[in-house]
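Structural overview for review
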Amino acid sequence: MSNTTLLHLLQEKGVMIPIIQRDYIQGNNSQAEKRNKFLDSLFSTLCSANTNQNLDFVYGRSKEDGYMPLDGQQRLTTLFLLYWSVYKKKGNEEYQKVQHLFKKFKYKTRISTERFCNLLSDYKGELKGKISDEIRTLTAYDKSWDKDPSVISMLDLLDELSLRLETNKEKLDVIFDRLQNGAISFDLLDMESDGFKLTDQLYIKMNARGKQLTEFENFKANFIGFLEQKHDGITYENEPISVKFSKEVETSWTNLFWPYAYFNYSQSKASNVAYPIIDPLFMNLFVFITQMLYFTTYPNKKAEDFKRSDTIYQEIYSDPENVRFLIFCFDYLASNINPKLNDSNIDPNKLFVDIFDTSCSSKVRFFDEKSNNVDFFFHAIVFGEEMNQKMKFLLFAMLHYCYKVKEGKLQDFIRITRNYIETTFRRVDNKHNTAYISSLEITDAYRFLNTISKFESVSPYETLSKLEDKDLEEEKKKAILIESGELTECIHLLENKRIFKGNLSALDITKNSAKLPQWKIALDEIFTLEDYPTAQIIAAFLACGYNGTYVKRCGLGETYFYGNKGKWDRILTNGQSVWFENFLNKYIDFPSNLSREEKLSQIINENLSLRAKDWKYYFIKYPHFLNGSNYYTFDDTWYLQNERLDGDSSQPLSSFHSCPFYEILVKKLNKGYCEAARYSDRSFFNYRGIILNIENNYWKIIDKHGAIPNKIMSKYGFNKSNIILRSTEKNDLIETAIQFINDLHF
């Protein structure tokens, strides 16, 4: 152990702040109160003639690169900046005498910090004013350093030191002499030369006074060690993979995350956040890639089998090809990600914005109700393995394709992959049976990779047209048409519609290829305009042969869904639909000067004039049938006996349900009421104790109290034991019931 000064230590050994140390924060403005107390103490000593200050122990070990402090990094860095500032203030002549010593103060925690220290050592300007502004204008100053917490803290301290030295300029000679003569010293403990046996493990464990190593730091040390041991001699682009990883993890890969870390830091209101932190962002991306590799390697693993652990990391990256893929992913993203920060957000990355959109443009539409942000990289670093599954699989597919295929048509590949995901990995929502939701699970990764890995050519559509894969049959049909070149944009715009979500099976595009451009224009007109008439559209569908989409059985019979806003894909993506083709053909046959509503009305009216008064007749004629949930249960025998279900869960009868026949009577008569029901009960219409139930193409009337006058009984030919009201050639059931109720005068 010896008492020494920083200048003497630099002269004898140099100082090398090791990689496992934390960033320098003592000089940061966020630590101003503590920092200024320390500086007050130092300046008090330097301005006094007879008081020296010992800064306690600094301990570590001597290496070839210099003295590596275990404890004392913050104090040593502050002293380095203090010496630099005093010598600079004294003038370049004095500074040049010790410049070679300042060059021996090195930072290994981050490349940007080390380069900044080198810039300081070579700085030829004067110390005056807000020195940080002057330094930032230097050609050698990299703007990315503004995101390095150590550099930020050093610049903050230099500004404070410049101010203090200017304030005490009349005492500069005293301060300079006192500093030269050892007024500020510390006790140096070399834990190797002084007889201590300091191993790497002990060194890490003892680093508590500086900080406990973060998960990221432990990960880096362990993973690099693993690569060195496991993959000795294995290279990536002619460089040992352990060397490549250890170099990039401290340079370009780290810089990739700084804009996001800095943005999070600037937006944080937590007072204990002293500087930007990239650790969780880096680890989230690493874990996302590792998780995908894990499940593409092990098809029988369960989701809960994957854990964040060195054991799993080493298991996956025992395969050198997986290491190469990992390195490629980070390299590719570092080369292509260029985030732009604005006052309130980070603009989505051009890499993803050029490919994806959330609207019906010619880009690849990403179908997600919860996020309009198509910056998949942002989602990966923020959420890691918890990111949206569709985003996760698309990002992995994107990276995998770029790894396998250089200069490939990435957007075409992503479009095919999007369609494959939307069509293959979906199921009926258990909570809402009238909607499809993604069924994609992390355990699908093996099957997913088995399909997308077949695309290893520059032209994905050319590859697709030659594949034999049942999951890609519809995509293959598109590929044949797209390769011809004439329908590319039309097909892309059609599959970008939310009503299809990439699945054009209802259009039978091979048979109807010539009609696709006209159909596309028709669908734009029908569904793109605001406030489109849902009931009128479904009525036109029914008029062209649509019978509803079967959902399930319940206690009242079979249930069918007829479509609704946001749920058209539930009825339009289930395979070829002759009725839908009929509808589109009828629609495009009308003159273009007719409005959408006029065209739909003509389709409806033409059908009504020819239709018998079956259940479809009422659905088509009366819009009220199709102005609600549009989810119905039908009696197995009497189809007119239907109930509109308010709930679409796996137990739809647990919600209230009612028959639109009764609701229409209430609405048109402004009399009586519809008694809604639950479970296996049926609703009914009640007018002053007279009950009307719809049965097999007639009204069953229950008059327990004999309230129907005899003249009405006679007029309608009612039998007291079985009161039945039928439709007539002129009037349908609803019109007949309205006339009957109006005839009751009480």
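Residues numbered from 1 in each chain as written. Predicted model: local features only at pLDDT ≥ 70, side-chain atom pairs only at ≥ 80, totals over all residues. Heavy atoms only, no water.

1. Concerning the overall build of the protein
Of regular secondary structure, the protein possesses 32 helices and 24 strands. Its C-alpha atoms give the protein a radius of gyration of 38 Å, more than 25% over the compact-globule value 27 Å for 746 residues. Within the protein, contacts between residues separated by at least 24 positions form 66% of all contacts whose residues are at least 6 apart in sequence. Accessible surface, the protein as shown: approximately 33100 Å² in total, 47% of it carbon and sulfur. Of the side chains in the protein, 96 bear a positive and 100 a negative charge, and the two mean positions are spaced by 4 Å. (Helix = DSSP H or I, 4+ residues; strand = E, 2+ residues; numbered from the N terminus. Rg over C-alpha atoms; globule rule 2.2 N^0.38 Å. Contact = heavy atoms within 4.5 Å. Areas by Shrake-Rupley, 256 points an atom, 1.4 Å probe, with all protein chains shown as cover. Lys, Arg positive; Asp, Glu negative; His and termini not counted. Charge placed at Lys NZ, Arg CZ, Asp CG, Glu CD.)

2. Describing the side chain of Asp635
The topology assignment puts Asp635 in the loop between strand S17 (631-634) and strand S18 (642-645). The residues contacting Asp635, other than those within four sequence positions of it, are Leu556, Gln641 and Arg682.

3. A short note on the environment of Lys586
Structurally, Lys586 is set in helix H27 (residues 578-589). In sequence terms Lys586 and Lys599 are 13 residues apart; their C-alpha atoms lie 8.8 Å from each other. The contact partners of Lys586, leaving out residues within four places of it in the chain, are Cys544, Ile603 and Glu606.

4. Focus on the environment of Phe685
Tracing the chain through its elements places Phe685 in strand S21 (residues 684-687). Along the primary structure Phe685 and Glu663 are separated by 22 residues, whereas in three dimensions their C-alpha atoms are 8.0 Å apart. Residue contacts for Phe685: discarding those within four places in its chain leaves Tyr662, Leu665, Val666, Leu669, Lys671, Gly672, Tyr673, Ile690, Ile691, Leu692 and Ile741.

5. Description of the nonpolar core
Counting residues in hydrophobic clusters, the biggest one holds 179 residues, and the most contacted among them are Tyr562, Phe580, Phe583, Trp699 and Phe740. It is helix H13 (residues 279-297) that provides the largest number of residues to this core, a total of 12 residues. Apart from residues no more than four positions distant in its own chain, Phe740 is found in contact with Leu692, Ile701, Ile708, Ile712, Tyr716, Phe718 and Leu725. Membership of the second largest hydrophobic core comes to 58 residues, among which are Leu46, Val86, Phe105 and Leu127. (Core = buried A, V, L, I, M, F, W, Y, C linked by side-chain atoms within 4.5 Å. Buried < 20%, exposed > 50% of the residue type's maximum accessible area, 1.4 Å probe, protein only.)

6. Observations concerning unusual backbone geometry
Positive phi, close to 50°, is recorded for Glu237, a residue that is not glycine. Structurally, the position occupied by Glu237 is in the loop between strand S7 (235-236) and strand S8 (239-240). Backbone geometry places Glu407, a non-glycine residue, at a positive phi of 60°. Tracing the backbone shows Glu407 in the loop between helix H18 (389-404) and helix H19 (410-424). Take Glu407: its relative accessible area is 74%, and that puts it in the exposed class.

7. What about the pattern of salt bridges?
Tallying each qualifying case throughout the model produces 44 salt bridges. A salt bridge links Lys350 to Asp354; the nearest nitrogen and oxygen atoms lie 2.7 Å apart. Linking Lys621 and Glu735 is a salt bridge whose minimum nitrogen-to-oxygen distance equals 2.9 Å. Here Lys621, found in helix H29 (residues 615-621), pairs with Glu735, found in helix H32 (residues 733-743); they are 114 residues apart in sequence, far enough to count as distant. The class for Lys621 is partly exposed, based on a relative accessible area of 29%. (Salt bridge = Lys/Arg side-chain N within 4 Å of Asp/Glu carboxyl O.)

8. With respect to the packing of aromatic side chains
In total, this model carries 82 aromatic pairs according to the counting rule given. Here the guanidinium or amino end of Arg570 rests over the ring plane of Tyr436, the centre of that ring lying 4.8 Å away. The residue whose ring lies beneath Arg678 is Phe656, and the NZ or CZ to ring-centre distance is 5.4 Å. (Phe/Tyr/Trp six-rings, centres within 6.5 Å; stacked < 30°, edge-to-face > 60°. Lys NZ or Arg CZ within 6 Å of the ring centre and 35° of its normal.)

9. Points about the sheet that holds S21
Each strand in a sheet pairs with another by means of backbone hydrogen bonds, the pair being arranged parallel or else antiparallel. The five strands lie next to each other as S20-S21-S22-S23-S24, forming an open sheet whose pairing is antiparallel. Lying at the two open borders of the sheet, with one neighbouring strand each, are strand S20 (673-675) and strand S24 (723-726). On average, each strand axis in the sheet is inclined to that of its neighbour by 30°, with strand direction left out of account. Two elements, strand S22 (residues 690-694) and strand S23 (residues 698-702), share four bridges in a ladder whose sense is antiparallel. Following the sheet pairing, Asn693 is matched in S23 by Lys700. This element, H32, spans S21, S22, S23 and S24 of the sheet and lies at about 125° to S24. (Pairing = 2+ DSSP bridges. Axes fitted to C-alpha atoms, helices over the stretch in contact; angles between N-to-C directions.)

10. Considering the environment of Phe580
Relative to the helices and strands, Phe580 is located in helix H27. In the structure, Phe580 is positioned 40 residues away from Ala540 in sequence and 9.9 Å away in space, judged by C-alpha atoms. Ignoring sequence-local partners within four residues, the contact set of Phe580 consists of Phe500, Ala506, Leu507, Leu523, Phe541 and Leu572.

11. Considerations on the sheet that holds strand S15 (residues 549-554)
The strand order across the open sheet formed by five strands is S15-S16-S17-S18-S19, and the pairing between neighbours is antiparallel. Of all the strands in the sheet, just S15 and strand S19 (657-658) have a single pairing partner and so form its edges. Pairing of S18 with S19, which is carried by two bridges, proceeds in the antiparallel orientation. Residue pairing across strands places Arg644 opposite Ser658, the latter belonging to S19.

12. Some remarks on the side chain of Asn419
Considering the arrangement of structural elements, one finds Asn419 in helix H19. A distance of 2.6 Å separates the side chain of Asn419 from the side chain of Arg418, its partner in a polar contact. (Polar contact = N/O pair within 3.5 Å; in protein donor to acceptor, adjacent residues only side chain to side chain.)

13. Focus on the pairing of strand S6 (residues 184-190)
Across the seven residues that make up S6, a large majority, seven, are buried. Of the two faces of S6, the one lined by Ile184, Phe186, Leu188 and Asp190 and the one lined by Ser185, Asp187 and Leu189 are each fully buried. As judged from the three bridges shared by strand S1 (residues 2-4) and S6, these two strands associate in the antiparallel manner. What sits directly across from Thr4, in S6, is Phe186. Bridge count between strand S3 (residues 53-63) and S6: six bridges; the pairing is parallel. Bridge pairing links Gln53 to Ile184 in S6.

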